[in-house]
Amino acid sequence: MGRGDRRSRVSRAQREQAAASFHQVGIRIPEAGRAPAGGNPISPVPPREQTRSLPPTLGAPTSQRDPGLARETLSRRNPRNAHGVFRSFSNNTGLRPRWADWDEVSLRVRGLPLATSTSDLWSAFKYGGEIASIDLFERKDGTREGNARITFSPPPTKQFWEDTMTVNIQGQTVKVLVELLKERRQRLVTADGGRSYPSALSVGMHALQFGVLLSETQMMPFRTVREPVDAGFSLTANLRYKRLEITFACAMKDPRREDPSIQHSSPIGQMEHTVEYKTHIPFTHLKKIVFIDSDEDTWALLINLPSPPIFYIKGDYSESFESTKSSWNARDAWNRTTDIAYDPSWFKDEIVSLPKTGRFIDIGRWTTYKLIFAKSALKGWERMDAALRDFNISVEHTNSKGLSSVPARLSDFWQKLEQSDDGKSAGNLALLADTEYTYLPYDVRYQLEACISQGILNEVNITTDFLQKLADLSKDRTQRRDRAKDLLGYILEPRTGSRAEDREKLDEKRIYDPMSLFEDKKAMSHYPEISLPDHCVWVRKVVITPTTMFLSSPAPEPSNRILRQYSNYEDRFLRVQFTDEIAKGRIFSDPHGKRDNALFNRIYRALQNGIRIGGRHFQYLASGNSQFREHSAYFFCPTDFLTCDNIRDWMGEVNHIRAVAKYNARLGQCFSTTRVPKASPIGQTIVQIKDIENGRWCFTDGVGKIAPSRARFLMQNLNVKKPMKSLPSAFQFRLGGSKGILVQWPEVPFNEVHLRPSQNKFNSISKGLEIIKTSRFSVATLNRQTIIILSCLGVPDTVFEEMMKRQVAGYEQAMEDPQVAMQLLSKFVDQNGTTTTMAQMIADGFMESKEPFVMTIMQVWRAWSMRLLREKARIVVDQGAFVFGCADETRTLRGHIEPTEPTEAGNKKDPKTLPQIFLQVPKVVQPGEQGEYTVITGICMLGRNPSLHPGDIRVVEAVDVPALRHLRDVVVFPAVGDRDIPSMCSGGDLDGDDYFVVWDPKLIPAEWNYPAMEHDAVKPEELKRDVKVSDLISFFVTYMKNDSLSTIAHAHLAKSDALDDGPKDPQCVELAQLHSNAVDYPKTGQKAHLETHLRPNMYPHFMEKAPHKTYRSGKILGRLYDQVAKTEFKPNLNGTFDERILRRYAPEARTSKTVRMIKRQHDRAMRQIMNQYDIGTEFEVWSTFVLSKPRVGSEYKRQETMEPVMTNHRERFREACIKTAGSREPEKLYPVIAAAYRVTWEEVQTVLGELPAERREAANVNEMPLISFPWVFEYELGRIATSNDVFELEEMPEPTIAPLDDDGNDDDDEDAFKDLMGVKFSDTEGIPNSNGQGIWSPISAQPTEPIEEESIVQEEMVELEEDGQTSMDALAKLMADMDAD
């Protein structure tokens, strides 16, 4: 029986049965390429009568294929299709029509019923040829015109249309007018060199091989697919979208025919068929292409990728239409796929793991591709080759000897390791009796799988000897280190550059001979990072993509309640993030579409079935609220005594909550990043007090109270390292099931914490007070949303233009004038206080000396500020503040009174009718001066981000109330009136929301207090039973698929610019309400659907959308965008290090060796942060001014996210240097800091000395060593530089040539610590006085004053132990002993 006959016997019912889908609450997601049960199948291969026969037979209607763009192989003079088959053309006259030579033919159809859909037109016109696209024309208000455009590519074989035609639309006969549109000019794409090419170039392909590299000169193909009779193989260079497209087909055979051990209930051969696939490879994902001159008949291209590309599967055209959309493209029939397998539904219950079984092609791991072509295709390749080179794609040439193929062999790697923790079999692989099992501890096994997942090692190169060697190394493990784990950790460490010879390789990070690692002295002596702050934990992170998973080495992260409570099970927690393929990033929502359903199914399977790593089965636990929005969750591997249910039960009593979204949010509270202060010596009493309400509105939603003395005690015992000018007035906290802020009030007793019902969310066993962050001042900024609202409320556009002009000029002057720089940095205080620190560095003279680190940080600040100006219209407001909100417990401030008549709103400008606020902020002073606080008075404008409704911006009166003067860096709202102010500001509350307050008269709107929108959250949907874990999993996936927050925000911005009334237009008001619902979606579980009429057809140019969807905006946001040019960040690292520090001390050789070792550890940790958070340079990390957009997650809170990361990093290496000095006293600590500065300078001088003279001025950041290490002591470096002490060195020292980082020898570390002296000292910080001086905060970036030594200094000799510990073990032991003391 032929394949076609066998395929034709597959019935629709059988296909539906084989493609059974998951059914979840609120979502029905089909398997890859398949439809939900009971619906029409979206089968990879539709039934025979719906499929096409490629190439099409002459005279028969051509069925659908992906036409792509203009095919280079479709010559006008040689009318053959893309597969080489001659196509005849005719019209009613028998002459060759003129349109036959076009790339595409477009018909305009008029007189259609308004209810006509794209599906209706496809059904009516599909007999005419290959339809490439359908567009239904709409009016500005979103209603249909009754006209459409249908595009055929390639052109039909004959003219089937007439001026007037009768077609069947939805069962009715309709007479329509048809017009042939003019030929579209061929779209050309211009390369950087100025040459132009067609937008797409194609070459027919003979075969395609999938495999891996065995070495730099050998490929091991695991699967070869050849061009079948009825499907096309091609390589397309899509120059318009800058990607390669490979189209191929697989003739699927039932794997049970070859392997009877595979068990499944379906009949053998039932689903055998040919399936069409394609993959997209972005040019940015390509390192190089290798041209292989194979033999007389063929040539090949080899492409090796660092991670999988995006794969698509051809679906049924009839199932590719969406009724709500007014356009359709043939591309819509291609659905995302996560597997190439005989029947993907077989794996719906499979645990997600790195190794996969039963796949026809493992597209997640076989990322080396060999494309084989006939010699006749060389001519087409020559044009494509030239184009690719012009687009900076490297093409190398070799022959079959230079890059050969070797026979595939299956590795037994996983069989040797696959055994669970309890020693029981972990699947069918363990049943292979002839495979010797090699035991590796979990932490070693995890690191090994991490190396494999990241492509550093591959199973085909791993031998039994290698595994046994690792096992032997691990047997000698000590309490503090495992040499096997450290060896693997060494090769996992990210590196900011590579040797030139490595950059020329196909895969520069790959290690083809793992056994060589045991001969690498540096790898064998590698020791991981040296310390971890008390409030941090080691977290293992796993990224799951559609086709594979990536494991990361454990990284330090701020702790949370759960990780602290179960710290003994630290290695059983995983933080799992779900993303698209690495080259694409975030998985975008797709509320109405089906093309990405396979991706959501993959996520559902991982959550439902769990993940297997290192022989352990990890199960879904829960997700923090911020993690939930970033598609991340915690997993846990249960033990015999602790399960995920046990942990969730410990979190709190939430079983009474029947709304799945709210249940999920309550559990998420326990995963907030917090610090735990030391317990009060007299205990803690929770006092419940009443909320202040007026019936409908709550004025104290989220606000509790605390004593000032308790606030001071908290700051002293938070174990933090940075000072604040004054005691924080408010603390954002978690306490059991309660959340919100605690504000200091004098009448509260020391040991009491006053909480309100609005703060109590659920009961919990945990009763400890946990601090998230403290109140602080930062400057207010405008953004696109607030600017466009203020503009519609009457603020002149010239105000914004003048502010931006001044700001841009200020940044330019600041790069040249230290005084201007200090002034701007002191005024433009960011939320992390980095600018204040930078201002102090300039005051210490580092800008005048052109110190390279400081100058580069200045460049980062300028580039970051200019990018936000251009992309977000982030205009800094001098006369403004961005602070926490809290309530007036004295009830002194006048509240909001609703106007008695509608005409009063916004028109009556009597300050006596305005609600009042209290705000006390620091005066702007020069760095180093003690800033006094001032109370703001007068008319102010305030709001909360994001503000989309005109009523979200409120006009208030700021007044001075003596009873409130103890409150600083917070805005105090009235607790009386008809409605609370926070709820009028984008639906805000007082549980930690930040508000911007502006008292600049130019920014006070002419129209006061436009009627506020009532941000009433929709009622959560509740179940009639208890919430189950499966409900949480379903909601997680449902949220990912339906989250439309960013889409709605973009639609609002575009509509506000396009419509005459801007944000006041009814469409914008509707979008603002929709946005409010989308913000609450994670708490309510109610989706916010963006209706078709609210979707913009065109976007203003400042939103940087595709050119064909863009118009040039002449309104304020467009003009502001045009004022700011793109600013590139190009660090100049060839500056002169500060002579004042280099000459201050003559460091001892022993100190230099010790500090050099600490720097290596610092640089490794810095690179790990850069790698973990997708940040390009150390300067962005240090400053938290990150220039790149996050691959996954929102950019909105990226600076806030990076602050605790950098704070923890600083603390770790400050402590290492302090312990090396043995004291915090300047006379002992400062020489160590100066030594850190000097060894950094020496490393730079060493690299510069190796570079040619002409390249030193433009040294690449990847070529230079990291230089941020000494700047963990930024304040102390300033004291060293400005000291009046006599220089110990009369002239600049000569650099000591020392080994650099990865090129060094860790024996230096061994020698450095053989005689290291340890010193005990107290960690007690300075106790603050009554006026709050010396208070310490985890947030502030203020400089540290020298700390007086309070402990008795003792010395003790550290000797190396005889059990094989290295000097690093001795150092770790020393530090542990110090901590214990």
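Up top you'll find the structure we're talking about.
As the structure is a computational prediction, the values presented were derived from the model and not from experiment. (Residues numbered from 1 in each chain as written. Predicted model: local features only at pLDDT ≥ 70, side-chain atom pairs only at ≥ 80, totals over all residues. Heavy atoms only, no water.)

**Q** What am I meant to see in the pattern of salt bridges here?
**A** Side chains that carry opposite charge are capable of pairing whenever their charged atoms lie near each other. Inspection of every chain in the model, using the stated rule, returns 61 salt bridges. Note that Asp991 and Lys739 form a salt bridge whose closest N and O atoms lie 3.6 Å from each other. Highlighted residues: Asp991 in the loop between helix 22 (981–984) and strand 47 (994–998) and Lys739 in strand 37 (residues 738–744), separated in sequence by 252 residues. Neither Asp991 nor Lys739 differs from the other in exposure class; each is buried. Through salt bridges with shared partners, a single network forms among Asp339, Glu350, Lys356 and Arg359. (Salt bridge = Lys/Arg side-chain N within 4 Å of Asp/Glu carboxyl O. Helix = DSSP H or I, 4+ residues; strand = E, 2+ residues; numbered from the N terminus. Buried < 20%, exposed > 50% of the residue type's maximum accessible area, 1.4 Å probe, protein only.)

**Q** Is there a simple way to think about helix 18 (residues 797–814) in this case?
**A** Along an α-helix, residues three or four apart share an orientation, since each turn contains 3.6 residues. The end-to-end C-alpha distance of helix 18 is 26 Å, a good match for the 26 Å that 18 residues give at a rise of 1.5 Å each. Of the residues making up helix 18, those classed as buried are Val799, Phe800, Glu801, Met803, Met804, Gln807, Val808, Gly810, Tyr811 and Ala814. Where the residues of helix 18 are buried, they touch strand 40 (778–782), helix 17 (784–792), helix 19 (818–827), helix 21 (852–872), strand 41 (875–887) and helix 26 (1116–1123). (Expected span 1.5 Å × (residues − 1). Contact = heavy atoms within 4.5 Å.)

**Q** When you look at the packing of aromatic side chains in this model, what are you seeing that I'm missing?
**A** Centre distance and the angle of the planes are the two values used to describe a pair of aromatic rings. For the coordinates displayed, the defined rule picks out 45 aromatic pairs. Ring centres of Tyr342 and Trp346 lie 5.4 Å apart, and the angle between their planes is 70°; on these two criteria the pair is classed as edge-to-face. Taken individually, Tyr342 and Trp346 each receive the classification buried, so the pair is uniform in this respect. Measuring from centroid to centroid gives 6.3 Å for Tyr811 and Phe828, while their planes differ by 75°, and the two rings are edge-to-face. With Tyr811 in helix 18 and Phe828 in the loop between helix 19 and helix 20 (834–843), this pair connects stretches of sequence that are 17 residues apart. Each member of the pair Tyr811 and Phe828 is classed as buried. In textbook terms, an aromatic cluster arises when at least three aromatic residues are bridged by ring pairs, as seen for Phe846, Phe853, Phe1137, Phe1179, Trp1182, Tyr1237 and Trp1271. It is Arg710 that lies over the ring of Phe750; its NZ or CZ is 6.0 Å from the centre. (Phe/Tyr/Trp six-rings, centres within 6.5 Å; stacked < 30°, edge-to-face > 60°. Lys NZ or Arg CZ within 6 Å of the ring centre and 35° of its normal.)

**Q** Is there a simple way to explain the sheet that holds strand 12 (residues 218–226) in this structure?
**A** Sheets are built from strands that pair by backbone hydrogen bonding, the pairs being arranged parallel or antiparallel. Ordered in space as 23-16-17-22-11-12-24, the seven strands form an open sheet in which the pairing is mixed. Lying at the two open borders of the sheet, with one neighbouring strand each, are strand 23 (394–399) and strand 24 (404–405). Here strand 11 (residues 207–215) pairs with strand 22 (residues 368–374) via five bridges, running antiparallel. Following the sheet pairing, Leu208 is matched in strand 22 by Leu371. Taken strand by strand, helix 4 (residues 378–390) contacts strand 16 (288–293), strand 17 (298–304), strand 22 and strand 23, and its axis lies near 140° from that of strand 23. (Pairing = 2+ DSSP bridges. Axes fitted to C-alpha atoms, helices over the stretch in contact; angles between N-to-C directions.)

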